[in-house]
Amino acid sequence: MTETPQLGSFVRELRIAEVIEETADAKSIVFDIPAGAEDDFRYTPGQFLTLRIPSEQTGSVARCYSLSSSPTEDTQLKVTVKRTVDGYGSNWLCDNAEPGMNMHVLAPSGIFTPKDLDQDFILLAAGSGITPVMSILRSALAQGTGHIVMLYANRNENSVIFKDQLQKLQAEHPDRLTVIHWLESVSGIPTPEMIGNMLQPVAAKRHSYICGPTPFMETVKDGLRRSGADMHLIHTEVFSSIEGDPFAEIVIDETPGDDASGPATAIVELDDEVHEVDWPRNTPLLDVLLSKGIKAPFSCRKGECSACACVLKSGEVEMIHNGILDPEEVEEGYVLSCQLLPKTDRVEVSYSD
């Protein structure tokens, strides 16, 4: 077994309170939040947890699972995990997770989350993609005022996760919620034309949130485009495998830059607070923030997810690696703090935009 590096001071531990069998191949894992740690686990609808899962080959692996619980309705955290054929993490959790077990986790993170729960929504999910969508749905129904259309695609009726909860929510909110179940066993695989025709009456000016397998998300986006939806209002959740170890302790590189200059200064806006920190030239900004106890969001620490994305407000920077931001997002000023190095003496970024 490979020796696992020392855990970072930012790593937290949660105890499993309950494991719920949702379908034959999906389980929900419910975690208690330790007394006094409520601030560490505050989250918004649509965010995810990163779990540290034991591995005999590598010591551990990191996997991200969306929170299906609602921050406005639940006092516990819940992730919902569906087995995949070659998914080490999902199979380990479905086979081994049990009440009383402790697991190392990172703080909730992710940007697949609405800024306004009062708006009208289109929610589109397939399979286990229902997980973050369920969190958004329950929170919006409890705290918001808008109308919600939800399309949920599955292979067959037995694959529908949260079937009873969805029926109950629709019965409780008949004027605000419309749930459309798409079963492949009945209707076949949906096409962009089918999706476009179905959503055309409601697509204009609504924010759409999509989560599911890549072919489903591409089909749905094409369908929304055909329906006349504003493509700037479409939000997708994309997970990629985490190859590194985001749980490892931070190592700060104090060596000066090429011009032998001292550290830069970073001005960071986060959670309505502004932090000013010294920024060693060869250390990514995220590592600097975490080493100082500043709770910046992150997941992979490898530039392969968007959990640590922030907006460059002033100064010049370079990204060591960018495996997730598209050119349009970079042009708009988005950067990955886990890959960010300073090129000027003073840099200002914001996680609030």
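Here's what I pulled together on the structure shown here. (Residues numbered from 1 in each chain as written. Predicted model: local features only at pLDDT ≥ 70, side-chain atom pairs only at ≥ 80, totals over all residues. Heavy atoms only, no water.)

Moving on to the packing of aromatic side chains. Across all of its chains, the model carries three aromatic pairs by this definition. Residues Phe-10 and Phe-298 carry aromatic rings whose centres are separated by 5.4 Å and whose planes lie at 85° to one another, so their mutual orientation is edge-to-face. Of this pair, Phe-10 sits in the segment before β1 (12-23) while Phe-298 sits in the loop between α7 (285-291) and β14 (309-314), and the two are 288 residues apart along the sequence. The exposure class assigned to Phe-10 is buried, which follows from its relative accessible area of 12%. Exposure remark for Phe-298: the relative accessible area of 6% places this residue in the buried category. Connected via pairs of aromatic rings, a cluster forms that spans Phe-112, Phe-121 and Tyr-209. (Phe/Tyr/Trp six-rings, centres within 6.5 Å; stacked < 30°, edge-to-face > 60°. Helix = DSSP H or I, 4+ residues; strand = E, 2+ residues; numbered from the N terminus. Buried < 20%, exposed > 50% of the residue type's maximum accessible area, 1.4 Å probe, protein only.)

Looking now at the pattern of salt bridges. For the coordinates displayed, the defined rule picks out twelve salt bridges. Two residues, Arg-138 and Asp-74, come together in a salt bridge whose shortest N-O distance is 2.7 Å. Of this pair, Arg-138 sits in helix α2 (residues 130-143) while Asp-74 sits in the loop between β4 (59-66) and β5 (77-82), and the two are 64 residues apart along the sequence. On the basis of relative accessibility, which here comes to 27%, the residue Asp-74 falls in the partly exposed class. For Asp-345, the salt bridge identified is with Arg-281, shortest N-O distance 2.6 Å. Taken together, the residues Asp-345 in the loop between β17 (340-342) and β18 (346-350) and Arg-281 in the loop between β13 (273-279) and α7 connect sequence positions 64 residues apart. (Salt bridge = Lys/Arg side-chain N within 4 Å of Asp/Glu carboxyl O.)

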